[in-house]
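Here are the chains, one letter per residue:
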Amino acid sequence: MVPTPGRFAKLMAAMGVGNTSRIVFYDQKGLASAARGWWLMGLFGHDEAAVLDGGLPKWLREGRPVESGAAATPIPASFLPEYRATRLRGVGDLTRNVAARSELVLDARAAGRFTGATPEPRAGMRSGHIPGSANVPYTDLLNADGTFRSIAEVRARFAKSGVDGSLPVVTSCGSGVTACILTLGLRLAGLPEGAVYDGSWTEWGGRSDTPVETN
């Protein structure tokens, strides 16, 4: 799903985002997709980006101001991307890692989807997980109100799945979106962020030539 650097630059410039812009992402559910926006900015070299913890729901609960109607027309800017290829993984990388186990793959999907006990929501998709991967449902990192748990709790949850700094981490999920919540959690916990498998289970489970485990 990642666009080319040229397309990303064009889209950012059209929205008025320049290389000196400070960006804050939020969404309507809390952290469902805002972390993906944050990760994309970093992938293309823009570190002045953040996520509003708890998103719009928390903002509304706290009685903060909101607007309605269309947003103001942005003033076009100039955005020069600096693509960081080490933060992205493809199916070939993950296939090689099944044998090499040189990177720890963390799957952000719910436990039932990871084990294969729960059918995939996409028709025709195989169930299970990438061999050798560990399951860290993204909801395990969040409080009931959709905000991140404490740093100590986030670190403990990652440690439970084998994240100790000895191996680079690759995050995955169903479509490459909630994987970025794990990546953001790694940042908050002070752990190496590693990379995101952009195709995630939509690609891996949708192919017939990739190995699958169920347990």
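Please refer to the structure higher up on the page.
It should be emphasised that the depicted structure is a prediction, and the values quoted were computed from it without experimental measurement. (Residues numbered from 1 in each chain as written. Predicted model: local features only at pLDDT ≥ 70, side-chain atom pairs only at ≥ 80, totals over all residues. Heavy atoms only, no water.)

Draft legend 1. Just the pairing of strand β6 (residues 169-172), in detail. Burial along β6 is two-sided: the residues Val169 and Thr171 and Val170 and Ser172 are all buried. Note that strand β4 (residues 104-107) and β6 share 4 bridges and pair parallel. What sits directly across from Leu104, in β6, is Val169. Note that β6 and strand β7 (residues 195-197) share 2 bridges and pair parallel. Looking across to β7, one finds that Thr171 is bridged to Val196. Running through helix α7 (residues 179-188), the crossover from β6 to the neighbouring parallel element β7 is right-handed. (Buried < 20%, exposed > 50% of the residue type's maximum accessible area, 1.4 Å probe, protein only. Helix = DSSP H or I, 4+ residues; strand = E, 2+ residues; numbered from the N terminus. Pairing = 2+ DSSP bridges. Right-handed = clockwise from strand over helix to strand, strands pointing away.)

Draft legend 2. Spatial organisation of the layout of surface pockets. For the largest pocket, the calculated volume is near 620 Å³. Lining of the largest pocket is provided by 21 residues; of these, Phe25, Tyr26, Glu67, Ala71 and Ala72 occupy positions nearest its centre. When contributions to the lining of the largest pocket are tallied by element, the ones reaching two or more residues are α1 (5-14), β1 (23-25), α2 (34-43) and α3 (55-61). Taken as a whole, the second largest pocket holds about 160 Å³ of empty space. Its residues placed into classes, the lining of the second largest pocket shows 6 nonpolar, 4 polar and 3 charged. (1 Å grid on protein atoms, 1.4 Å probe; cavity = no way out; pocket = protein on both sides within 12 Å on 5 of 7 lines; lining within 4 Å. Points joined across faces, edges and corners; volume = space filled by probe spheres on them. Nonpolar A, V, L, I, M, F, W, Y, C, P; charged D, E, K, R; others polar.)

Draft legend 3. The arrangement of empty space enclosed by the protein in detail. Per the stated rule, a full pass over the model turns up 2 cavities of 30 Å³ or more. In this structure, the largest cavity encloses a volume near 40 Å³. Every residue along the wall of the largest cavity is listed here: Leu94, Asn97, Val98, Arg101, Glu103, Val105, Ile130, Pro131, Gly132 and Ser133. Considering every element that reaches the lining of the largest cavity, the biggest residue donor is helix α4 (residues 91-100), with 3 residues. Split by residue class, the lining of the largest cavity holds 5 nonpolar, 3 polar and 2 charged. By volume, the second largest cavity is sized at about 30 Å³. If you trace the second largest cavity, you find it lined by Trp38, Gly42, His46, Asp47 and Arg187.

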